[in-house]
Amino acid sequence: MNDAQRGRAEIIAEKVEAFVREVVVPYEKDPRRDHHGAPTDELVMELKELARRAGVLTPHILADGSHLTQRETALVLRKSGLSPLGPLACNTAAPDEGNMYLLGKMGSPQIKDRFLKPLIEGRARSAFFMSEPAEDGGAGSDPSMMKTTAVPADDCWVINGRKAFITGAQGAQIGIVMAKSAQGASMFVVDLPNPSIRIVRIPKTIDSSMPGGHAVVSIENLRVPNDQMLGESGEGFRYAQVRLSPARLSHCMRWLGACSRAHDIATDYANRREAFGKTLIDHEGVGFMLAENLIDLLQAQLMIDWCAGVIDAGSLATVESSMTKVAVSEGLMRVADRCVQVMGGSGLTEDTIVAQIFREIRAFRIYDGPTEVHKWSLARTIKRNWKAMQS
Ligand SMILES: Cc1cc2nc3c(=O)[nH]c(=O)nc-3n(C[C@H](O)[C@H](O)[C@H](O)COP(=O)(O)OP(=O)(O)OC[C@H]3O[C@@H](n4cnc5c(N)ncnc54)[C@H](O)[C@@H]3O)c2cc1C
């Protein structure tokens, strides 16, 4: 990152941090939540309006439509993540952030104007339809198991199938649907709600930061005009890779911010609370937990910056983002767990944000590829490289 770049990203990050700490954090106790605890759209729109007025709405995409570099994005998104509501307020949350990135890279001018613009302006939110129910034998850890079909008919594609864990499908205005055509996996951009896309159920989940929850969805004879296919038929997995590394990394950025805040709260507790005649932090067991937190937090930050640099250099960073996602999600899980432990019973209550951060990080070890899948894929790369060295 050169000096000019460091300057602009740091300035934006400072504004975002001030906004999240001063304006967003007080909303954490706002009762406007849906059935599984996620903020309602009314609450999110109110926060977005405040972010708009503060000049921090969609702060990672500049007025001329250009995107901050990934290293710059890391600075900004970490600050937006200081509260679980921060990314929603600033429009840096999943899945919109990843969807904006994908549409910005792959969308035709018409798709950008119709679907990307309202997302950047914070007027709409979106959903990404890839995973499918386990009971159908559909795509999960293994996307090649995709069962949803796309068949050409006249001047459109007809899509049928079922999807699962679709974050924000309920209440979204824009959807990116993955389905298999004769050429292979393909992506389609659609308007929501759509009578052919039915929310079957929204299971209650351990996390509660994402509006609309994670829906099971049925798609029946969805007709999508040809010009709403993203790019070429059969290129869906390649495009998914374009979205995947930056989207994985942006989860790491936001949750790093959240865990830094949890660590600060636990540190405050450990410095005030006494047991057995001294403050908790003076007990080696507690001091060591906080010290280990600092080490894990810094390691997460360094891995994110390293991977961001690889993407900025023009690589898809598939291997690097796998390594980073595993290291960061596992490291942050340890941090969140220690924060709960240091705070005793208080760590489990809703009195601070620590308990929610702990629950959110647990889910992060599964979405965007479970830890084991990334390790398995890395092991295959190691084997391939070893074989290449033998020949
Ligand atoms: C909170 C949340 C939000 C999500 N949002 C979306 C969304 O918006 N859109 C979307 O399309 N999907 C979404 N998902 C789905 C997510 O991508 C899948 O849950 C994930 O890909 C795993 O698929 P699965 O749940 O079917 O697990 P399965 O494929 O059934 O795997 C179960 C477990 O098996 C193990 N495993 C699998 N393969 C291997 C292997 N090769 N080696 C070793 N172990 C292995 C892993 O431990 C894994 O956790 C979301 C999931 C969650 C939890």
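Here goes a summary of the coordinates provided.

Rules behind the numbers
Residues numbered from 1 in each chain as written. Predicted model: local features only at pLDDT ≥ 70, side-chain atom pairs only at ≥ 80, totals over all residues. Heavy atoms only, no water. Helix = DSSP H or I, 4+ residues; strand = E, 2+ residues; numbered from the N terminus. Rg over C-alpha atoms; globule rule 2.2 N^0.38 Å. Buried < 20%, exposed > 50% of the residue type's maximum accessible area, 1.4 Å probe, protein only. Contact = heavy atoms within 4.5 Å. Areas by Shrake-Rupley, 256 points an atom, 1.4 Å probe, with all protein chains shown as cover. Lys, Arg positive; Asp, Glu negative; His and termini not counted. Charge placed at Lys NZ, Arg CZ, Asp CG, Glu CD. Near = heavy atom within 4 Å. Polar contact = N/O pair within 3.5 Å; in protein donor to acceptor, adjacent residues only side chain to side chain. Nonpolar A, V, L, I, M, F, W, Y, C, P; charged D, E, K, R; others polar. Expected span 1.5 Å × (residues − 1). Phe/Tyr/Trp six-rings, centres within 6.5 Å; stacked < 30°, edge-to-face > 60°. Lys NZ or Arg CZ within 6 Å of the ring centre and 35° of its normal. 1 Å grid on protein atoms, 1.4 Å probe; cavity = no way out; pocket = protein on both sides within 12 Å on 5 of 7 lines; lining within 4 Å. Points joined across faces, edges and corners; volume = space filled by probe spheres on them.

### Thoughts on the overall build of the protein chain
Here is step 1: Helices and strands together make up the secondary structure of the protein chain, namely 11 helices and 10 strands.
Here is step 2: Over its C-alpha trace the protein chain gives a radius of gyration of 21 Å, about what one expects of a compact globule, namely 21 Å for 391 residues.
Here is step 3: Expressed as lengths along the three principal axes of its C-alpha atoms, the size of the protein chain is roughly 80 × 60 × 50 Å.
Here is step 4: Sorting the 391 residues of the protein chain into buried and exposed places 52% on the buried side.
Here is step 5: Sequence-distant contacts in the protein chain: of pairs separated by 6 or more residues, those separated by 24 or more amount to 73%.
Here is step 6: Accessible area for the protein chain stands at about 17400 Å²; split by element, carbon and sulfur atoms hold 56% of it.
Here is step 7: Positive and negative charge centroids in the protein chain, built from 46 and 47 side chains respectively, lie 3 Å apart.

### Concerning unusual backbone geometry
Here is step 1: The residue after A94, namely P95, is reached through a cis peptide bond having omega 0°.
Here is step 2: Along the polypeptide, P95 turns up in the loop between α4 (86–90) and α5 (96–106).
Here is step 3: In the Ramachandran plot, N221 falls in the positive-phi region, its phi being about 50° despite a non-glycine side chain.
Here is step 4: One non-glycine residue with positive phi stands out, namely F276, at about 55°.
Here is step 5: Position of F276 relative to the elements: it lies in the loop between β9 (274–275) and β10 (278–279).

### Observations concerning the site of the ligand
Here is step 1: The local shell around the ligand holds 15 residues, among which S131, S141, F165, T167 and E372 are the closest.
Here is step 2: Take M130: an N or O atom from its main chain is 2.9 Å from an oxygen atom of the ligand.
Here is step 3: Between the ligand and the protein, one listed contact pairs an oxygen atom with a side-chain N or O atom of E372 at 2.7 Å.
Here is step 4: Going through the elements one at a time, β3 (156–167) and α11 (371–390) are the ones with two or more residues in the shell around the ligand.
Here is step 5: Looking at the shell around the ligand residue by residue, the classes come out as 9 nonpolar, 5 polar and 1 charged.

### Some details on helix α8 (residues 284–312)
Here is step 1: Between the first and last C-alpha of α8 there are 42 Å, a value that for 29 residues agrees with the 42 Å anticipated at 1.5 Å per step.
Here is step 2: One or two positions beyond α8, positive phi appears at G314, with a value near 105°.

### Some details on the packing of aromatic side chains
Here is step 1: For the structure shown, the criterion picks out 2 aromatic pairs.
Here is step 2: It is R380 that lies over the ring of W376; its NZ or CZ is 4.3 Å from the centre.

### Some words on empty space enclosed by the protein
With a probe scaled to a water molecule rolled over the atoms, the places where space remains empty come into view.
Here is step 1: Under the definition given, this model contains 2 cavities of 30 Å³ or more.
Here is step 2: Of the pockets and cavities examined, the largest cavity occupies roughly 130 Å³.
Here is step 3: What lines the largest cavity is a set of 13 residues, and nearest its centre among them are P87, A93, S209, R254 and W255.
Here is step 4: Going through the elements one at a time, α4 and α7 (236–272) are the ones with two or more residues in the lining of the largest cavity.
Here is step 5: A per-element tally of the lining of the largest cavity places α7 first, with 4 residues.
Here is step 6: Per-class residue counts for the lining of the largest cavity are 8 nonpolar, 4 polar and 1 charged.
Here is step 7: Of the pockets and cavities examined, the second largest cavity occupies roughly 100 Å³.
Here is step 8: Forming the walls of the second largest cavity are 15 residues, and the residues nearest its centre are L88, A94, D96, R125 and P211.
Here is step 9: Here the residues of the lining of the second largest cavity are counted per class, giving 8 nonpolar, 4 polar and 3 charged.

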